[in-house]
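Coordinates in review
Each chain, letter by letter, is given below.
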Amino acid sequence: MIGIDWGTSSLRGFRLGAGGMLDAREAARGIMTVPDRRFEPVLREFIGDWLDGGEDRILMSGMIGSRQGWVEAPYIPCPAGLEEIAAKLAPVTIPGARAFIVPGLSGADAQGVPEVMRGEETQILGLGAAEALMCLPGSHSKWAVVRQGRIAGFTTYMTGEAFAALGAHTILARSIVKAPVAAEDFARGLDRAAEPGGLLHHLFGVRTLGLTGALDGAGARSYLSGLLIGHEARAALAAHPERGPVRLLGDPGLCDLYATAIRRCGGEAAIEAGTAAAAGLMRIGELVSWN
């Protein structure tokens, strides 16, 4: 089977067999790079040798199933697990192959405001956890609760996208220099997130600390990162007072930052290894009737 994790900016492919992952590759061919939604030619170029080698089953997850993608796969409500997802796959027409897209999940926060995810559900279920609080850092970070092997609910934080926008398109951009994260300034931002005033007030401090010489450009960027991640982590941890270690899944560098933040905010964190997307696609594929 071929597993495809197709997001907004990247395209990842996995050749999967009874022994697990046989091969993997990645390209900067996310759905937003594909002109006129001509996804089939891009996919064939990406995995043509696997198809020529006899693979004829394809399972895709991520933004490829969004309204901007190949086929809009429906959202299914939480709680949901592998069985519910496998029962609602959206078929895709690819001559010479049998192909499906994994549906996304929907939910709501405590006040009834809708929540949605696409792609993260496959990664979360790929871990095979029975009970867990999971965090998938990114542009739109997801905090998900797993109960009895199913995703019970989740919350989204636009932390990564806010960091990018604030650092490039606001007055704060004049105070920031792109540089590796400085641990001391990152921790300073984390601690500031615990103080009174709220995020909007705290953000202006990035500028004033720079103006007064308390932060240089590289430090301001680290401080802003700590401030945003700190607000996210404190809100998420407060929403889940009865929790074990937060299981982090995603980019290793970003997971390291989140682990630091969670621990400094009073929680426990464990970073997961391996390719959860491939494992999730494999587990879903095992439930599909391919005939």
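Residues numbered from 1 in each chain as written. Predicted model: local features only at pLDDT ≥ 70, side-chain atom pairs only at ≥ 80, totals over all residues. Heavy atoms only, no water.

1. Notes on the pattern of salt bridges
Our working definition: By definition here, a salt bridge exists when the distance from a side-chain nitrogen of Lys or Arg to a carboxyl oxygen of Asp or Glu is within 4 Å. Under the scheme used here, helices are H or I runs from DSSP no shorter than 4 residues and strands are E runs no shorter than 2 residues, and both carry numbers assigned from the N terminus. The cut-offs for exposure are 20% and 50% of the maximum accessible area for each residue type, with area from a 1.4 Å probe on protein chains only; residues under the lower value are buried, those over the upper are exposed, and the others partly exposed.
Going through the model one piece at a time under the given rule, you end up with eleven salt bridges. Note that Asp56 and Arg98 form a salt bridge whose closest N and O atoms lie 3.0 Å from each other. In this pair, Asp56 sits in the loop between α1 (39-52) and β4 (57-61) while Arg98 sits in strand β7 (residues 97-101), placing the two residues 42 residues apart along the sequence. For Asp56, a relative accessible area of 29% corresponds to the partly exposed category. Its salt-bridge partner being Glu272, residue Arg247 comes within 2.6 Å of it at the nearest N-O pair.

2. Examining the sheet that holds strand β8 (residues 104-108)
Strand pairing in a sheet relies on backbone hydrogen bonds. The paired strands run either parallel or antiparallel. Under the convention used in this document: DSSP calls a pair of strands paired once it identifies at least 2 bridges connecting them. To get an axis, fit a line to the C-alpha atoms, keeping to the stretch in contact for a helix; angles then go from 0 to 180 degrees between the N-to-C directions.
Read across the sheet, three strands follow the order β5-β8-β9 without closing on themselves; strand pairing throughout is mixed. Each edge of the open sheet is held by one strand with a lone partner, namely β5 (75-77) and β9 (114-117). Across the sheet, the mean angle from the axis of one strand to that of its neighbour is 35°, orientation sign disregarded. Here three bridges tie β5 to β8, and the two strands are oriented parallel to one another. In the sheet register, Ile76 faces β8, and the bridge partner there is Leu105.

3. Let's talk about the nonpolar core
The tendency in soluble globular proteins is for nonpolar side chains to be buried side by side. The criterion, for reference: Buried Ala, Val, Leu, Ile, Met, Phe, Trp, Tyr and Cys residues form a nonpolar core when they are joined through side-chain atoms within 4.5 Å.
Core analysis: the largest hydrophobic core is formed by 34 residues, its most contacted members being Leu59, Leu105, Ile124, Ile151 and Ile284. Elements represented by at least two residues in this core include exactly β2 (11-17), α2 (82-86), α3 (120-126), β10 (132-136), β11 (141-147), β12 (150-157) and α9 (276-285). At six residues, the largest contribution of residues to this core is made by α9.

4. Here we look at the sheet that holds strand β6 (residues 90-94)
To keep things clear, this is the line we draw: By definition, residues are in contact when any of their heavy atoms lie within 4.5 Å.
Overall, mixed pairing links the six strands, which are arranged β3-β2-β1-β4-β7-β6 in an open sheet. Sheet topology places β3 (20-27) and β6 at the edges, where each strand pairs with a single neighbour. Between one strand axis and the next, the sheet turns through 20° on average, direction left out of account. As paired strands, strand β1 (residues 2-6) and β2 are joined by five bridges and run antiparallel to one another. Across the sheet, residue Gly3 finds its bridge partner in β2, namely Phe14. Sitting on the sheet, α1 is in contact with β1, β2, β3, β4 and β6, with an inclination near 145° to β1. Packed on one face of the sheet, α9 meets β1, β2, β3 and β4 and runs near 50° to β2.

5. Digging into the packing of helix α5 (residues 183-192) against helix α7 (residues 217-239)
Quick reminder of the rule: Angles are sorted into four bins: roughly parallel if under 35 degrees, roughly antiparallel if over 145, roughly perpendicular if 65 to 115, and oblique for all others. Each crossing gets its hand from how the near helix is turned against the far one by less than a right angle, where anticlockwise is left-handed and clockwise is right-handed. Think of it as three bins: nonpolar holds Ala, Val, Leu, Ile, Met, Phe, Trp, Tyr, Cys and Pro, charged holds Asp, Glu, Lys and Arg, and polar takes everything else, Gly as well.
Relative orientation of the contacting elements α5 and α7 amounts to 40°, with a least axis distance of 6 Å. Taken together, the axis directions place α5 and α7 in an arrangement best described as oblique. Crossing of α5 against α7: the hand is right-handed. Residues Asp185, Phe186, Arg188, Gly189, Leu190, Asp191 and Arg192 of α5 form the contact with α7, whose own contacting residues are Gly219, Ser222, Tyr223, Ser225, Gly226, Leu227, Ile229, Gly230 and Arg234. When grouped by side-chain class, the residues that make up the contact of α5 with α7 number five nonpolar, six polar and five charged.

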